[in-house]
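Chain residues, written in single-letter form:
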Amino acid sequence: GTTITDGRGRLLVAATGARTEMGKIGILIDEATTRDTPLEQKLARLGRLLIVIVLGLCAVIVFAGWLRGNSFLYMLEVGISLAIAAVPEGLPAVATMTLALGMQRMSRMGALIRRLPAVETLGSTTVICTDKTGTLTRNEMTASVLAIGRRRIDVTGTGYVPVGVFQDSGTPVDPRSDEQLALALRIGTLCNDAKVERSGGRDTVLGDPTEAALVVAAEKAGMSHAALEPDYPRIGEVPFDSDSKRMVTVHRTPQGRTVAFVKGSPGTLLAASSSEVRAVDVAPLTPEDRRRWEETNQQLASAALRVLGLAYRELPEGYSEGDLARELIFVGLVGMIDPLRDEAKAAIATCREAGIRTVMITGDQQPTAAEIARQLGIDRDPQGRSLRTVHARELTDLDVAGWQRTVAEAAVFARVSPKHKLQIVEALQGQGHIVAMTGDGVNDAPALKQADIGVAMGIKGTEVAKETADMVITDDNFATIVGAIEQGRIIYANILRFVHYLFSCNFAEILTVFIAIMIGWPLPLGPLQILWLNMITDIFPALALALEPSAPGLMKQAPRDPKESLLPPRFIRLIAWQGLLLAGVTLLAFSIGMRWYGSEGDGPRHAVTMAFMTLALAQVFHAFNARSQRRSAFSDRLFTNGWLWGAVLVCLLLQVAAVYVPLLQTVLLTLPPTAADWGVIASCALSPVAVVELVKVVQRSTARTRAR
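Procedures and definitions
Residues numbered from 1 in each chain as written. Predicted model: local features only at pLDDT ≥ 70, side-chain atom pairs only at ≥ 80, totals over all residues. Heavy atoms only, no water. Helix = DSSP H or I, 4+ residues; strand = E, 2+ residues; numbered from the N terminus. Buried < 20%, exposed > 50% of the residue type's maximum accessible area, 1.4 Å probe, protein only. Contact = heavy atoms within 4.5 Å. Pairing = 2+ DSSP bridges. Salt bridge = Lys/Arg side-chain N within 4 Å of Asp/Glu carboxyl O. Polar contact = N/O pair within 3.5 Å; in protein donor to acceptor, adjacent residues only side chain to side chain. pLDDT = per-residue confidence, 0-100. Axes fitted to C-alpha atoms, helices over the stretch in contact; angles between N-to-C directions. Phe/Tyr/Trp six-rings, centres within 6.5 Å; stacked < 30°, edge-to-face > 60°. Lys NZ or Arg CZ within 6 Å of the ring centre and 35° of its normal. Parallel < 35°, antiparallel > 145°, perpendicular 65-115°, else oblique. Left-handed = near helix turned anticlockwise from the far one by under 90°. Nonpolar A, V, L, I, M, F, W, Y, C, P; charged D, E, K, R; others polar. Core = buried A, V, L, I, M, F, W, Y, C linked by side-chain atoms within 4.5 Å. Expected span 1.5 Å × (residues − 1).

### Regarding the overall build of the protein chain
Okay, step 1: In terms of regular secondary structure, the protein chain is built from 24 helices and 21 strands.
Okay, step 2: Dimensions of the protein chain, computed from the C-alpha atoms along their principal axes, are close to 120 × 55 × 50 Å.
Okay, step 3: By residue count, 52% of the 708 residues in the protein chain fall in the buried class.
Okay, step 4: Here the analysis covers contacts within the protein chain between residues at least 6 apart in sequence; of these, 69% occur between residues at least 24 apart.

### As for the pairing of strand β8 (residues 202–206)
Okay, step 1: Two strands pair when backbone bridges link them, and strand β7 (residues 195–199) and β8 are joined in this way by five bridges, in the antiparallel orientation. Residue pairing for β8: V196 is matched across the bridge by V205.
Okay, step 2: Adjacent in sequence and paired antiparallel, β7 and β8 are bridged by two residues, among which G200 carries a positive phi angle near 60 degrees.

### Remarks on the pattern of salt bridges
Okay, step 1: If you walk through the whole model with that rule in mind, you get 32 salt bridges.
Okay, step 2: For K132, the salt bridge identified is with D364, shortest N-O distance 2.9 Å. Linking K132 in the loop between β2 (127–130) and β3 (142–148) with D364 in the loop between β16 (357–362) and α12 (366–376), this pair joins segments that are 232 residues apart in sequence.
Okay, step 3: Here the residues in one salt-bridge network are R150, E276, R278, D289 and R292, joined through shared partners.

### Section: the side chain of R627
Okay, step 1: Inspection of the secondary structure assignment puts R627 in the loop between α21 (603–625) and α22 (642–660).
Okay, step 2: Reaching out from R627, the side chain makes a polar contact with the backbone oxygen of L638 at a distance of 3.0 Å.
Okay, step 3: Not counting residues within four places of it along the chain, the set of residues in contact with R627 comprises R497, L545, E548, R637, L638, T640, N641 and L644.

### Here's the deal with the confidence of the model for the protein chain
Low-confidence regions, as indicated by low pLDDT, have predicted coordinates that should not be scrutinised in detail.
Okay, step 1: Across the protein chain, pLDDT averages 87, with 96% of residues at or above 70.
Okay, step 2: Confidence, read as mean pLDDT per element, is least for helix α2 (residues 38–67) in the protein chain (74) and greatest for strand β15 (residues 328–337) (95).

### So, the side chain of T609
Okay, step 1: Structurally, T609 is set in helix α21.
Okay, step 2: Apart from residues no more than four positions distant in its own chain, T609 is found in contact with V659, L669, T670, L671 and P673.

### Considering the sheet that holds strand β18 (residues 410–414)
Okay, step 1: Strand order across the open sheet formed by eight strands is β1-β21-β20-β19-β2-β16-β18-β17, with mixed pairing between neighbours. Only two strands of the sheet have a single partner each, and these edge strands are β1 (111–113) and β17 (388–391). Shown here is a sheet whose adjacent strand axes are inclined to one another by a mean of 20 degrees, direction ignored.
Okay, step 2: Pairing of β16 with β18 involves three bridges; the strand directions are parallel. Note on β18: the bridge partner recorded for T362 is A414.
Okay, step 3: Along the sheet, helix α14 (residues 418–430) makes contact with β2, β16, β18 and β19 (435–439), crossing β19 at roughly 170 degrees.

### Re the pairing of strand β12 (residues 273–277)
Okay, step 1: When you tally the buried positions in β12, you get four out of five residues, the bulk of the element.
Okay, step 2: The pairing of β12 with β15 spans three bridges and is classified as parallel. Across the sheet, the residue bridging to S273 is L328, located in β15.
Okay, step 3: Where β12 and strand β13 (residues 282–284) come together, three bridges link them in antiparallel fashion. Residue V277 lies in a different strand from β13, and its bridge partner there is V282.
Okay, step 4: Between the end of β12 and the start of β13, which pair antiparallel, lie four residues.

### Examining the packing of aromatic side chains
Okay, step 1: This structure, assessed with the given rule, holds eight aromatic pairs.
Okay, step 2: With a centroid separation of 6.0 Å and an interplanar angle of 50 degrees, the aromatic rings of W521 and F590 are classed as tilted. Of this pair, W521 sits in the loop between α17 (478–518) and α18 (527–536) while F590 sits in helix α20 (residues 569–597), and the two are 69 residues apart along the sequence.
Okay, step 3: Considering the side-chain rings of F639 and W645, the 5.2 Å spacing of their centres and the 15 degrees angle between planes classify their relative orientation as stacked.
Okay, step 4: Here W645 falls in the partly exposed class, since its relative accessible area comes to 34%.
Okay, step 5: The structure contains a cluster of three or more aromatic residues connected by ring pairs, namely F63, W66 and F72.
Okay, step 6: One cation-aromatic arrangement involves R292 over W293; the distance from NZ or CZ to the ring centre is 4.9 Å.

### Details of the packing of α17 against α20
Okay, step 1: Following both chains from N to C, one finds α17 and α20 inclined at 45 degrees, their axes separated by 7 Å at the closest point. With respect to their mutual orientation, α17 and α20 come out oblique. For the crossing formed where α17 meets α20, the hand is right-handed. Touching L496, V499, H500, F503, S504, C505, F507, A508, L511, T512, I515 and A516 of α17 are F571, L574, I575, A576, Q578, G579, L580, L582, A583, T586 and L587, all from α20.
Okay, step 2: Here the residues of the contact of α17 with α20 are counted per class, giving 17 nonpolar, six polar and no charged.

### Quick look at the nonpolar core
Okay, step 1: Formed by 109 residues in total, the largest nonpolar core has its most connected members in M471, F478 and F498.
Okay, step 2: The biggest single contributor to this core is α17, with 19 residues.
Okay, step 3: Look past the residues within four positions of M471 in its chain and what remains in contact with it is A111, L112, I113, L122, I453, G454, V455, A456 and A484.
Okay, step 4: Ranked by size, the runner-up nonpolar core spans 35 residues in total, among them L185, A221, L228 and L308.

### Details of the packing of α18 against α21
Okay, step 1: Contact geometry for α18 and α21: axes closest at 11 Å, N-to-C directions at 15 degrees. By the angle between their directions, the pair α18 and α21 is classed as roughly parallel. The two elements α18 and α21 meet at a crossing, and its hand is right-handed. Contact residues: α18 offers Q529, W532 and L533, while α21 offers V608, F612, L615, A616 and Q619.
Okay, step 2: Taken together, the residues of the contact of α18 with α21 break down into six nonpolar, two polar and no charged.

### Observations concerning α17
Since the α-helix packs 3.6 residues into each turn, any two residues three or four apart lie on the same face.
Okay, step 1: Taking 1.5 Å per residue as the helical rise, α17 with its 41 residues ought to reach 60 Å, and the 59 Å between its terminal C-alpha atoms agrees with that figure.
Okay, step 2: Looking at the residues trailing α17, positive phi occurs at G520, about 85 degrees.

### Points about the environment of W645
Okay, step 1: Relative to the helices and strands, W645 is located in helix α22.
Okay, step 2: Measuring from C-alpha to C-alpha, the distance between W645 and P541 comes to 8.7 Å, with 104 residues separating the pair along the chain.
Okay, step 3: Those residues in contact with W645 that sit more than four places away from it in its chain are F624, L638 and F639.
Okay, step 4: For W645, the side chain forms a polar contact with the main-chain oxygen of L638, separated by 3.0 Å.

### Considerations on unusual backbone geometry
In terms of backbone geometry, most residues other than glycine have negative phi values and most peptide bonds are trans.
Okay, step 1: Here S169, not a glycine, exhibits a phi torsion of approximately 55 degrees, which is positive.
Okay, step 2: With respect to the secondary-structure elements, S169 resides in the loop between β5 (166–168) and β6 (171–172).
Okay, step 3: One non-glycine residue, D397, lies in the positive phi region at around 65 degrees.
Okay, step 4: Mapped onto the elements of the fold, D397 is located in the loop between β17 and α13 (400–409).

This is the structure we're talking about:
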């Protein structure tokens with residue numbers, strides 16, 4: 001996975017294909033499955049169900065009308081028209097447009113969606129598994145404490161500006177005249193591959209921010225890497241890896257000796273050390289000394305500091321690589337702070353209100369991770385129950401039941417491996433959760449692929465992570481993920497709005513024709529009128545509902561049950577009674593027209609025109625009912641969706657044209673309504689709004705009574 005840009009070197013091939021580290025990651029990626037999003041699954045089920053229902057209803061209507069004496073071919077035309085009207089063919093287009101607009105809004109927030117259906121998946125998210133560094137914190141590591149011998153040296157200053165003071169119990173210390181402190185800083189900056197470039201008033205880190213913090217600490221003491229390198233040239237190295245948990249560099253000293261500088265996990269370095277540096281000499285490490293260093297490590301880690309150990313060893317001539325990891329001389333500990341992002345705590349609180357669990361997965365020590373979780377409020381569930389911080393060693397050899405139990409009880413996982421991340425995601429999915437997973441490295445790719453929504457870091461993320469993820473956040477900020485989840489919820493709510501509108505309107509058209517046939521009336525709508533309604537009222541208001549802004553309290557609701565149907569029973573009942581209401585007022589207008597104009601001459605055409613206009617306008621006004629199942633259409637949000645008002649105006653103009661433009665009169669078989677006709681049409685078309693408003697008032701009153 002390394003790109004070589006210049007220079008010369010020697011390549012040793014130790015393994016190929018699936019036996020390489022990259023190959024193992026590739027196998028994990030292949031084994032991780034890609035699942036359809038909840039919306040894709042629900043729309044597919046809905047489509048299959050609609051086909052069966054619509055074909056059945058249309059067949060009944062065709063044969064019932066034929067048995068009533070209508071021409072079979074005419075009834076076939078009506079049946080085909082109803083089938084076209086009943087199937088909301090605009091649904092996929094409107095759903096895609098809604099997702100695309102949501103994706104556009106997210107991009108302005110810093111969340112780039114790589115796969116369109118992932119927008120909706122965010123709205124169903126129940127768990128966010130997040131990194132700590134850079135996502136919940138600023139990724140601006142600063143060395144703030146050095147524990148050397150029996151002393152604690154505090155370092156002032158923040159960020160990567162090389163300005164600060166070293167203090168021992170409040171007393172300034174000159175690092176260059178303090179041999180112990182100078183040795184620790186020398187090890188930190190020479191056993192290091194990071195650089196801090198300063199130009200134009202900006203500090204740019206090339207390399208790991210943790211290593212950059214050590215470089216800056218040495219610069220505060222006037223011991224820059226560039227000044228030390230000529231006197232301590234590097235002649236060998238063992239890079240850091242997650243198994244050894246240490247990095248070793250070999251240097252030639254000004255006296256001509258060979259020395260190894262080591263930094264890494266405090267526990268690993270203590271285990272490999274046989275001596276320690278004291279005020280005046282080097283002394284053997286006793287069991288009591290080891291316990292003291294372990295306690296110091298725990299204290300620093302419990303203060304939310306990332307802790308590294310520092311050690312060295314003078315090497316014999318002809319040393320081997322094994323000599324670099326034993327009989328080390330322990331120098332001390334350095335504690336680094338990475339400030340929390342200002343918005344992280346509020347974002348996690350928003351998640352809690354929204355019923356979303358936040359799980360922190362980090363490579364930090366367990367005490368550090370636990371303290372960060374406490375500061376952010378991750379360590380407790382919405383009911384206030386304390387959650388565990390789990391160390392990676394507790395995950396070894398867990399069975400399926402063990403994994404299920406662990407992920408249910410834990411809020412933080414410390415010192416985890418890439419494979420553990422994948423297993424955590426799988427265990428959460430096994431409990432029915434919709435999981436969002438953040439990652440930045442090549443090793444994170446399997447977990448990103450397995451997650452329902454993989455989120456890659458845009459700043460520190462590798463290309464492999466970005467290619468595998470469904471979403472890339474350009475600022476590596478946890479709050480951006482939460483904002484994207486809110487947009488996902490808005491999108492899902494808008495999809496439900498236009499499904500509510502389309503289905504209730506289409507159901508009304510079918511009921512209008514079906515009921516008229518069953519009671520022996522003439523057909524209240526012609527085939528072309530049905531198609532006109534399908535083209536006009538089913539498109540413009542539905543598109544406008546897809547652009548509805550966020551509703552108040554959206555992020556205070558629990559996530560939708562991922563297993564819940566797109567049309568649960570309560571939603572079907574809502575569509576059914578409102579469709580029946582629209583059909584009822586249409587048939588009322590039709591019956592008045594038949595009574596006024598009779599069945600001779602243009603009488604039926606007048607009655608059909610009244611039914612046609614009533615149903616069209618009732619559907620247009622019904623769009624305001626569909627904006628919310630609970631909130632009144634006449635609330636302070638009445639004018640927040642300008643697109644809806646534009647759609648209503650367009651529909652009204654087109655409907656007026658349908659009865660006054662001669663060409664459309666001929667095609668649609670309409671007549672200009674009289675003033676009395678308009679009175680009936682307006683009264684019938686507006687009455688569903690009044691009825692639905694009354695039902696909403698009763699529902700809100702009932703809900704308040706139950707709450708009390």
